[in-house]
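# A look at the structure
Each chain is listed here by its residues.
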Amino acid sequence: MKFRYEKWKGDRFDSKNSTPFDSLWDLFKQLLSLSGGEVEEAVRWLTELDQEYEITKQFGDGYGIGDFLDELEKRGYLRFDDRNQQLVPTRKAGQSIRKSSLEELFSDISAGQAGQHPAVNTGKGTERQPETRLLRAGDDYSRIDASGTVLNVLRHSSLDRFDLREDDISVHETDHNTSTSTVLLIDLSHSMILYGEDRITPAKKVAMALSELITTRFSGDSLDLVAFGNKAWKIETGELPWLTAGPWHTNTLEALQMARHTLQRRKNRNRQIIMITDGKPSCMIENGKFYRNSYGLDRKIVNRVINEAVLCKKEKITITTFMIAQDPYLQSFVRELSDANRGRAYFASPDRLGGYILHDYINNRIRNIR
């Protein structure tokens, strides 16, 4: 993979609120994610950048790369692995990278009620409102407005007779909320880094930001993560910063199947799949054998993927695809997939991916469910 570096803007270190460690840590987190968690490689890149752009020169003689590495260990971002005899990132480092991704991509969202999708519905709600109305069949009696009900009774009762009627009982209105179960699919096939274009880094950054968004701001939601190449496999949130694309084909079919089966076990009313890919399914498992074709779109593979999208539709699972390639031929497949599922498709360059994920996920959170 090739990287292109721009002129380093040294004035970013002049902030009174930024220490030498904080400034280098901001950069090192990006390099650590790019290296897939390989600390030695990230340090080598940092040293090369320092030599070319004289980053630490702005700190004076009192702080260098070695001091920075020592501080990383002291603060718990790196630890020495006795088995492999090398420095490795800790969970704290991964969490910091995920948080940074959220701040970078989703900085314009306002904090919301944790884990809640506002909805228009009948039945039991979760947030009591000051507005009241008369009791209706099926209302939860715990929502009765006691003071309002008493006032209604007193309007027609006497001092010696408390006459409670059905139309005296008032209840508080509530906001009706629902949670969402999401499975996020991340394409790790070779094409995500093909032809010198780095698609995996922005895709991974969005996945980290989305996971941090759900776990910190919408805790009532569930998020499952699935990576896919020649096959699909589940991953943990802590693995996200260290994902790398491999020498793999693209088994979109197995990824969608795993997502659908995962969502079948979720009890939430709203279920969705978010898939970040460059668009071309190129392999599948057929009768226990590996079938592949990397030359264009294989109709045999495409038909199986479309059938899976239809199954998701029948189970009311929406597929949102974020396509990060500009090839019109591949985009036509994504449109066909979205049409079959009645889902959504966004065609974006890697630098716009985060904004589209944000727009779609947040919009889903505020839509009315009728």
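Preceding this paragraph is the structure being described.
Residues numbered from 1 in each chain as written. Predicted model: local features only at pLDDT ≥ 70, side-chain atom pairs only at ≥ 80, totals over all residues. Heavy atoms only, no water.

This part is about the side chain of aspartate 298. Inspection of the secondary structure puts aspartate 298 in the loop between strand 11 (289-292) and helix 8 (299-314). No salt bridge forms around the buried aspartate 298; measuring N to O, its nearest opposite-charge neighbour lysine 300 is 7.0 Å away. In this structure aspartate 298 touches Tyr291 and Asn293, once residues within four positions along its chain are discounted. (Helix = DSSP H or I, 4+ residues; strand = E, 2+ residues; numbered from the N terminus. Buried < 20%, exposed > 50% of the residue type's maximum accessible area, 1.4 Å probe, protein only. Lys, Arg positive; Asp, Glu negative; His and termini not counted. Salt bridge = Lys/Arg side-chain N within 4 Å of Asp/Glu carboxyl O. Contact = heavy atoms within 4.5 Å.)

Attention now goes to the side chain of threonine 320. Residue position: threonine 320 is located in strand 12 (residues 317-323). With a relative accessible area of 0%, threonine 320 lands in the buried category. Within the structure, the side chain of threonine 320 is placed 3.0 Å from the side chain of arginine 344, a separation counted as a polar contact. (Polar contact = N/O pair within 3.5 Å; in protein donor to acceptor, adjacent residues only side chain to side chain.)

So, on to the nonpolar core. In terms of nonpolar packing, the biggest core is built from 55 residues, with Phe28, Phe68, Leu72, Leu184 and Ile186 touching the most fellow members. Ignoring sequence-local partners within four residues, the contact set of phenylalanine 28 consists of Val39, Ala42, Val43, Leu46, Phe68 and Leu72. Grouped together as the second largest cluster of nonpolar side chains are 29 residues, Met275, Met284, Ile317 and Val334 included. (Core = buried A, V, L, I, M, F, W, Y, C linked by side-chain atoms within 4.5 Å.)

For the rest of this paragraph, the subject is a nonpolar patch on the surface. A cluster of nonpolar residues, Val150, Leu151 and Leu154, forms a patch on the protein surface that exposes about 270 Å² of accessible area. Its location among the elements puts leucine 151 in helix 5 (residues 146-154). (Patch = residues over 30% accessible without salt bridge, like charges linked within 9 Å, V, L, I, M, F, W, Y side chains within 5 Å. Areas by Shrake-Rupley, 256 points an atom, 1.4 Å probe, with all protein chains shown as cover.)

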